[in-house]
Amino acid sequence: MEQSKITQLHGVDPVEYKESIMTDVRAEFKKLAQHFQPVKPPEYLTRLEVADILKVSLVTISDWNKKKILNPYRLGNLIRYKRSEIEEALIRINPKK
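What you see is a predicted model; the values in this text were computed from it and never measured.

1. Side note on the overall build of the protein chain
Phase 1 of the analysis: Summing up its helical and strand segments, the protein chain has four helices and three strands in all.
Phase 2 of the analysis: Counted from the first residue to the last, the protein chain has its helices and strands arranged as α-β-α-α-β-β-α.
Phase 3 of the analysis: By the compact-globule yardstick of 13 Å for 97 residues, the protein chain is too spread out, its C-alpha radius of gyration being 28 Å.
Phase 4 of the analysis: Projected onto its principal axes, the C-alpha positions of the protein chain cover 80 × 40 × 25 Å.
Phase 5 of the analysis: At a minimum sequence separation of 6, the contacts of the protein chain that also span at least 24 residues come to 42%.
Phase 6 of the analysis: If you sum the accessible surface of the protein chain, you get close to 9100 Å²; carbon and sulfur atoms cover 57% of it.
Phase 7 of the analysis: Mean positive and mean negative side-chain charge positions of the protein chain (18 and 13 charges, respectively) differ by 14 Å.

2. Some details on the pattern of salt bridges
Phase 1 of the analysis: Summed over all chains, the structure comprises three salt bridges.
Phase 2 of the analysis: Glu43 serves as the salt-bridge partner of Arg83, at 2.9 Å between the closest nitrogen and oxygen. Remark: Glu43 occurs in the loop between α1 (14-34) and β1 (44-45) and Arg83 occurs in helix α4 (residues 83-93); sequence separation between them is 40 residues.
Phase 3 of the analysis: Ionic pairing is found between Asp63 and Lys67, a salt bridge with its closest N-O pair at 3.2 Å.
Phase 4 of the analysis: Take Lys67: its relative accessible area is 54%, and that puts it in the exposed class.

3. Points about the pairing of strand β3 (residues 78-82)
Within a regular strand, the side chains alternate between the two sheet faces.
Phase 1 of the analysis: Of the two faces of β3, only the one carrying Ile79 and Tyr81 is buried; Leu78, Arg80 and Lys82 on the other face are not.
Phase 2 of the analysis: Direction of pairing for β1 relative to β3: antiparallel, over a ladder of two bridges. Counted as the bridge partner of Tyr44 is Lys82 from β3.
Phase 3 of the analysis: The sheet contact formed by strand β2 (residues 73-75) and β3 spans three bridges and is antiparallel. Residue pairing for β3: Leu75 is matched across the bridge by Leu78.
Phase 4 of the analysis: If you look at the hairpin formed by β2 and β3, you'll find two residues sitting between the two strands, and Gly76 has a positive phi there, around 65°.

4. Description of the environment of Leu48
Phase 1 of the analysis: Tracing the sequence through the fold places Leu48 in helix α2 (residues 47-54).
Phase 2 of the analysis: Once the C-alpha coordinates of Leu48 and Leu58 are considered, the two residues, 10 residues apart in sequence, prove to be 7.0 Å apart.

Rules used in this analysis
Residues numbered from 1 in each chain as written. Predicted model: local features only at pLDDT ≥ 70, side-chain atom pairs only at ≥ 80, totals over all residues. Heavy atoms only, no water. Helix = DSSP H or I, 4+ residues; strand = E, 2+ residues; numbered from the N terminus. Rg over C-alpha atoms; globule rule 2.2 N^0.38 Å. Contact = heavy atoms within 4.5 Å. Areas by Shrake-Rupley, 256 points an atom, 1.4 Å probe, with all protein chains shown as cover. Lys, Arg positive; Asp, Glu negative; His and termini not counted. Charge placed at Lys NZ, Arg CZ, Asp CG, Glu CD. Salt bridge = Lys/Arg side-chain N within 4 Å of Asp/Glu carboxyl O. Buried < 20%, exposed > 50% of the residue type's maximum accessible area, 1.4 Å probe, protein only. Pairing = 2+ DSSP bridges.

Right, dumping it as structure tokens:
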């Protein structure tokens, strides 16, 4: 024989109970919304854009690729760099003393 579970609340009508739950849920969503940080997709830059940002030549960019200072991403013939990794490379190249 299958038993059903019943929860009874005395002194609270269904509308009050629903509103109580909705108030708590809204409060939690409000807290989450205040601290929510959307995930930004990575921004990819070309060799020319990276050279312009770093104020160096394309030869220097190629040299830094070979030395693993920069991390290029290849898509067929295209070479791209993540902006966040360029900023990290700047910190590695010129650490604070």
